[in-house]
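Given next are the chains, with one letter for each unit.
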Amino acid sequence: MKYMDEFRRPAPAAAMVEAIKTLSAGRRGRLAGREIGIMEICGTHTHSISRYGIRAAMPQNIRLISGPGCPVCVTSQPDIDRLIHFVRREKKAIVATFGDMLRVPGSFSSLERERAEGAEIRVVYSPLDCLDIAAANPSKEVMFYSVGFETTAPTVAATIVEARRKGVKNLSVLSLHKLTPPAMRALVDAGDINIDGFIAPGHVTAVIGARAYGFLSEEYGLPCVVAGFEPLDALAGLWMLVKQLSEARRDIEIQYKRVVTWEGNRKAQAVLNDVFTEADAMWRGIGVIPGSGLKIREGFAAFDAEKRFDIGYDGCVVEEAHGCACGKVLKGLITPPECPLFQKACRPDAPQGPCMVSSEGTCAAYYRYERV
Amino acid sequence: MCLGVPGKIIEIKGEWAKVDVGGTKREVSLALLEGAKLDSYVIVHAGFAIQTLDEDAAQETIRFLDGFAGGRDTA
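Residues numbered from 1 in each chain as written. Chains lettered and ligands numbered in written order. Predicted model: local features only at pLDDT ≥ 70, side-chain atom pairs only at ≥ 80, totals over all residues. Heavy atoms only, no water.

(A) Molecular detail of the side chain of threonine 61 of chain B. Mapped onto the fold, threonine 61 of chain B is located in helix 1 (residues 55-68). Setting aside its immediate chain neighbours within four residues, threonine 61 of chain B contacts Phe7 and Gln255 of chain A. (Helix = DSSP H or I, 4+ residues; strand = E, 2+ residues; numbered from the N terminus. Contact = heavy atoms within 4.5 Å.)

See below:
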C-alpha cells in the first residue's frame, strides 16, 4: 500500500539498527556503558516494536519501555463496573463501543458476558455509526461508551455536534477520553522508572501538534521524538532519540513529518474544544491524574451520559483481580513475562486483565510476538 | 486504537469524501479537516480524515532512509 510499504523495507532497517548500535556503544561516546530507558507511549508503537522484532534488535544497553498507551488498557476497572451496572439496570438501552472493550474484565463481569446474557451491546468502527443506531431505534436510549486519546476524541466531538444539528434525542456519550501529555508528566513525576527519552505517538500528535511536548525538554530536560508507526518510522525515531542522547541534546523532534506538524490539526482541536473540556481522569494502575481526561461541556449536556443517567461509582471495585499486574505493566515497572499470570492463567483466549485483551496491549503484543 | 491508515481522496461531496484505502473505497467524514483536496492523501481514523499526508515530506523521509541503506533496496 502506498505510503506504508516504503516504510517497511529491510535494507534501511538493518542499516538503522547498526547506526543505533554504533551510537550507543561508541567506546569513547557519551552513552558507552550507560543503561538507556526509552518509553513509547502509544499502543500502536508497542505493537510495531514487538511485531517487527525491534526490541530484540536493540543493543543491550537500550531498554524499550512500553507506557500507558492503549486506551482500552488504561480504562479503570470501576469504569467497566459502572457500565455493567448500567446495562443490567437499563434493559432497554443500547450500548455502543469499540470492539476491544467487550472482553475487558471488570471486577464481576465483562461486556461480552453481559451481551451473552441479553444486554444489547454493539461494536462500532466509527462513533458516527451511533447516529445510525439511534435513528434505527427511536424508542431506545443509545449510549456510546467512549474511550480513546486525542486522536479519537475529536471524532466523538464531531459526532456530538452532528447529533445536535440533526436534533437526535436518544444518543448520549460516556466520555472516558484520556490525554497523553499529562500522563507523560505524571510518569516522569512519579520517578519510579528511569526514562531518558520518549517516543511520542504519531497520530495523537497529528491532532495536538508536536509543541505539546515542549514541557518535556524545558521542564524535565528530556528529549522526545514524534514517530510514525511503520517499522522504519519507529526505528528512525529511535535513532533520532539515541543520536540526541549521544550529543546531550534534549530537543523535541518530528520523525513522522509526512503527517505531524508543530501546530497539529487546528480544526480538529477547535471541534474538540467546542464539545469537551479538561477534567481529572482515573487511569488503570496509575490512579487519578489531574487534567488528564475530557468531560462534555455544559452546552452539550443533553448528550452527556453522566448527566442523563445515574451512572456513578457505587458498587465498583478499584482493586485488580488477584495477581493481575496490568497496573505495573502500564507504568512500565515490569514487562509482561514478569507477571506471574502471563502465559499461564492469562492468555488472549482467557485474559485476566486489559493488557492481554486489546491487540495493542503490551501483554498481548509480548504473547503474540515475543514469547520465549 | 490510534490506528490511522493513509488513503487517497477520489471524490468529495460537501463534508464527505470517498477515500481509496489500499483498494477499498471508504466513506470518510471531512468534518475535522480544513482544505482537503481531490487526489490528495489523508490519514483515516474511525471514519474521519484527521490529517493530510504531505507527499513531499514523505519523499524526503524515503530519501533519508535510502541514504541510510547506502543505495541498497531503494524505494
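After that view, the rundown keeps rolling.
(B) Region of interest: the sheet that holds strand 4 (residues 120-123) of chain A. All names here are of chain A. With respect to topology, four strands assemble into an open sheet ordered 4-3-5-6, the strand pairing being parallel. Each having just a single partner strand, strand 4 and strand 6 (171-175) make up the two edges of the open sheet. Strand-to-strand twist in this sheet, taken as the mean axis angle between neighbours without regard to direction, amounts to 25°. Relative to strand 5 (residues 142-146), strand 3 (residues 94-97) runs parallel, the two being bridged by four bridges. Each bridged residue has a counterpart across the sheet, and for threonine 97 the counterpart in strand 5 is tyrosine 145. Those strands touched by helix 5 (residues 77-89) are strand 3, strand 5 and strand 6, and its axis lies near 170° from that of strand 5. In this fold helix 7 (residues 129-136) packs onto strand 3, strand 4, strand 5 and strand 6, with an angle of close to 160° to the strand it touches most, strand 5. (Pairing = 2+ DSSP bridges. Axes fitted to C-alpha atoms, helices over the stretch in contact; angles between N-to-C directions.)

(C) Highlighting the state of the cysteines. Residues and elements named next belong to chain A. Under the counting rule described, the total for this entry stands at one disulfide over all chains. Note that cysteine 70 is cross-linked by a disulfide to cysteine 73, the S-S spacing being 2.4 Å. On the sign convention where negative is left-handed, the bridge of cysteine 70 and cysteine 73, at about 75° about the S-S bond, is right-handed. Across the pair, exposure class does not vary: cysteine 70 and cysteine 73 are buried alike. You can see cysteine 363 has no disulfide; the closest cysteine sulfur is in cysteine 355, sitting 4.7 Å from it. (Disulfide = S-S within 2.5 Å. Buried < 20%, exposed > 50% of the residue type's maximum accessible area, 1.4 Å probe, protein only.)

(D) Spatial organisation of the interface of chain B and chain A. With 45 residues of chain B in contact, the opposing surface of chain A contributes 47 residues. Summed over both sides, the interface of chain B with chain A buries roughly 3800 Å², with 69% coming from carbon and sulfur. Between aspartate 66 of chain B and arginine 9 of chain A there is a salt bridge; the shortest N-O distance is 2.9 Å. At the junction of chain B and chain A, the tally comes to 11 residue pairs in polar contact (both at pLDDT 80 or more). At 11 residues, helix 1 of chain B tops the list of elements feeding residues into the side of chain B that touches chain A. Looking at the side of chain B that touches chain A, its residues break down into 26 nonpolar, 10 polar and nine charged. (Buried area = accessible area lost by both parts, 1.4 Å probe. Salt bridge = Lys/Arg side-chain N within 4 Å of Asp/Glu carboxyl O. Polar contact = N/O pair within 3.5 Å; in protein donor to acceptor, adjacent residues only side chain to side chain. Nonpolar A, V, L, I, M, F, W, Y, C, P; charged D, E, K, R; others polar.)

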